[in-house]
Amino acid sequence: MTTLPQQASPSRNALLACGVVGATLLALIALGHDGRRIAQLAVLALPMVLWLAWPLRSARIRRVRTLLVWLWAMGFAIDGAVRAYLLDTYQAAPDGAMVLGAAANTNAREGTEYLWMHWRSAAVWGAVLVVAGVLVGMFARRGAVASTTVSARPSRWMVALIALLLLLSCVAYASKPWRRLHPAIFWTQWIDSLHTLRSAWAGQQKQRDRLMAQAKAIAPVIAQSGPSTVVLVITDSINRDNMALYGYGRPTTPRLLAHKAQTGDQMAVLKNAWSVDASTLPALRNMFHFGLPEAESPPHVLALARAAGYKVWWISNHDDLAIEQQHARLADVVDMVNRTPGRASASLDGEILDCVQEALADTSTDRKLIVVHLMGAHPHYSLRFPANANPFNDNVDAVESGLVKDGRSAWVRRFRQEYDAALLYHDFVVSELLQQTRAPGKQGEYRAWMYLSDHGQEVGHVSDRAGHSPSTASGYRIPAVVWRNSQSPVLSAEAAQQPFRADWAGWSLMNLLGVRWDGQRAERDVLGGSYQWQAPVIPVAVESFSR
Ligand SMILES: [Zn+2]
């Protein structure tokens, strides 16, 4: 026989325990997560909270239950508090490149120093955790006790409700992406990624040192005198066929067209521009390594520019560890504007404009190379333009009728409208960047601007699909635009007739930078006098690269 610890009805006591423990957990989960995530975490936390409603006879097992529920709840609580702290302080998630990078970079001494410096926030969040710990501890003890009297047993509807909630929880644990949000699994994997990152870095830092040493040995020089500023804008997933600048039927690029009208021959729109890769990582590798194979151990564009005397900025709206390690960290100044994966990948490209302005205003050097990496129209398209900024929705125009005629489904046509709205916003960001570069600099300052996409995108162009597309030409059709404040035209009449390939962009960027070195291949520089087009080998059959 067991005696009841309280006078109140046992099921009401158990309900109160579930309620307080559950509410405390929910509050901490909500601090550290947002939107759907809160509900997902809550469902994952459910089983142990519900255990409190399960009547147990043995006092010893009840003590074990109290302890396990407390540990479980504190796992969720610490997870919530740490995330809330990171969000509050850095607007970052723990698995974002910045936080992972910083954590992997930190040794025990630096960790202590960090805590010492931030003891106030540590104390605040510590206090929150203590309160949560006390509350959960007090109420986890009041879990249901088995009773001999029938009246005290949980009612039938209660059992049904608990069974339903447990079923929901089973679904959560059966789903891998859902299950991975559980603090125990998430943080175990987080520590794993820390180790992976550290070991990868050991190689990457060495690799960057090697690239810098190689660039110094090549001893590039700057051929032109006077101050020089070059802005390289690399965007993501832009298909030139959707730009009015390239003759598209929807007015997606009014601002770039205005720039073109104002600047004439100083701005060249490379008509038939192609990427040779359909995804970001290989595309950027090629762009920054002159399109040369790994076997030739090609130099890195940014290392060469630095060795020649340029100060290099990398300003990015991406949050990608690999790009950061392989390219961005070769720059003198690295500014990753978009630091929260998931949450802030919704942050719009316009966020980077202030950083670029700051770099342009920097007075510490006369030679600047500013690399800007935009999200462009990377899927999901609806995240790439501000709310209510889609003038193309439900507009029956020639583009829409053409898609209908080609048999494109309603959802692909809808994606096309969102894609075009993303391009319209993109036009604003890219034109602002050009405007900033076109602003008069120092007396006699040379300025140049190059814009291109890493790869294209298929949005119902030749198939009833939307997304990255290695298997259709749309995946490789990109825009490329160059502006320069010199008197002579940017592009010779002959070069303007030939196609352009993005993996050779490095050769032309070096031309814009005025950098000279042994091993230059003039025939690959579209801006030079002896450009010679050569069709790349890509995984799709292209009828003509001149279209
Ligand atoms: Zn991409």
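Rules used throughout
Residues numbered from 1 in each chain as written. Predicted model: local features only at pLDDT ≥ 70, side-chain atom pairs only at ≥ 80, totals over all residues. Helix = DSSP H or I, 4+ residues; strand = E, 2+ residues; numbered from the N terminus. Contact = placed C-beta atoms within 7 Å. Pairing = 2+ DSSP bridges. Axes fitted to C-alpha atoms, helices over the stretch in contact; angles between N-to-C directions. Domains from an automatic or database assignment. Core = buried A, V, L, I, M, F, W, Y, C linked by C-beta atoms within 7 Å. Buried ≥ 20, exposed ≤ 12 C-beta atoms within 10 Å, placed from the backbone. Right-handed = clockwise from strand over helix to strand, strands pointing away. Parallel < 35°, antiparallel > 145°, perpendicular 65-115°, else oblique. Left-handed = near helix turned anticlockwise from the far one by under 90°. Nonpolar A, V, L, I, M, F, W, Y, C, P; charged D, E, K, R; others polar.

A. Representation of the overall build of the chain. Across its full length, the chain carries 18 helices and 13 strands. Sequence-distant contacts, at least 24 apart, represent 76% of the contacts inside the chain between residues at least 6 apart.

B. Representation of the sheet that holds strand 11 (residues 480–484) in the model. Overall, mixed pairing links the 7 strands, which are arranged 3-11-8-2-7-5-6 in an open sheet. Here the strands that pair on one side only, and so sit at the sheet edges, are strand 3 (267–269) and strand 6 (333–336). Pairwise comparison of adjacent strand axes, ignoring direction, gives a mean angle of 10 degrees for this sheet. Bridge count for strand 2 (residues 228–235) against strand 8 (residues 446–453) is 8 bridges, and the pairing is parallel. For Ile234, the partnering residue across the bridge sits in strand 8 and is Leu452. Along the sheet, helix 18 (residues 505–513) contacts strand 2, strand 7 (367–373), strand 8 and strand 11; its crossing angle with strand 8, the most-contacted strand, is approximately 165 degrees.

C. Fine view of the domain arrangement of the chain. Taken domain by domain, the chain consists of domain 1 (10–195) and domain 2 (226–381 + 434–524). For domain 1 versus domain 2, the separation of C-alpha centres amounts to 46 Å.

D. Layout of the nonpolar core. Among the nonpolar cores identified, the biggest contains 97 residues, and Leu232, Val233, Ala305, Val371, Val372, Met450 and Ala502 are the most heavily contacted of them. Among the elements that line this core, the one with the most residues is helix 16 (residues 410–438), at 13 residues. Residues in contact with Ala502, not counting those within four places in the same chain, are Ala273, Trp274, Ser275, Val276, Ala283, Met287, Leu452, Ile478 and Ala480. Cys18, Val69, Phe139 and Ala172 belong to the second largest nonpolar core, which has 26 residues in total.

E. Summary view of the pairing of strand 2. Buried residues dominate strand 2, accounting for 8 of its 8 residues. Of the two faces of strand 2, both are covered, the one formed by Ser228, Val230, Leu232 and Ile234 as well as the one formed by Thr229, Val231, Val233 and Thr235. By the bridge criterion, 7 bridges tie strand 2 to strand 7 in an arrangement that is parallel. Opposite Val231, over in strand 7, you have Ile370 as the bridge partner.

F. Examining the pairing of strand 6 more closely. When strand 5 (residues 311–316) meets strand 6, the two strands line up parallel, connected through 4 bridges. Bridge pairing in strand 6 links Trp313 to Val333. As a crossover connection, the stretch from strand 5 through helix 13 (residues 321–326) into strand 6 is right-handed.

G. Looking closely at unusual backbone geometry. Following Pro379, the chain continues to His380 via a peptide bond in cis, the omega torsion being 5 degrees. Inspection of the secondary structure puts His380 in the loop between strand 7 and helix 15 (398–405). For Ala219, which is not glycine, the phi dihedral falls at a positive 50 degrees. Of note, Ala219 is situated in the loop between helix 9 (183–218) and strand 1 (221–222). Take Ala219: there are 11 C-beta atoms within 10 Å of it, and that puts it in the exposed class.

H. Fine view of the packing of helix 9 against helix 12 (residues 301–308). Two elements in contact, helix 9 and helix 12, have axes separated by 8 Å at closest approach and are oriented at 50 degrees. The orientation of helix 9 relative to helix 12 falls into the category oblique. For the element pair helix 9 and helix 12, the recorded crossing hand is right-handed. Together, Leu211, Met212, Gln214, Ala215, Lys216 and Ile218 of helix 9 and Ala303, Leu304, Arg306 and Ala307 of helix 12 make up the contact between the two elements. Along the lines of polarity and charge, the residues of the contact of helix 9 with helix 12 split into 7 nonpolar, 1 polar and 2 charged.

I. Looking closely at the packing of helix 14 (residues 353–361) against helix 16. For the pair helix 14 and helix 16, interaxial distance at closest approach is 11 Å and the crossing angle is 15 degrees. As the angle between them shows, helix 14 and helix 16 are arranged roughly parallel. In the crossing of helix 14 with helix 16, the sense of the turn from one axis to the other is right-handed. For the pair helix 14 and helix 16, the contacting residues are Leu353, Val356, Gln357 and Leu360 in the first and Glu432, Leu433 and Gln436 in the second. Grouping the constituent residues of the contact of helix 14 with helix 16 by class yields 4 nonpolar, 2 polar and 1 charged.

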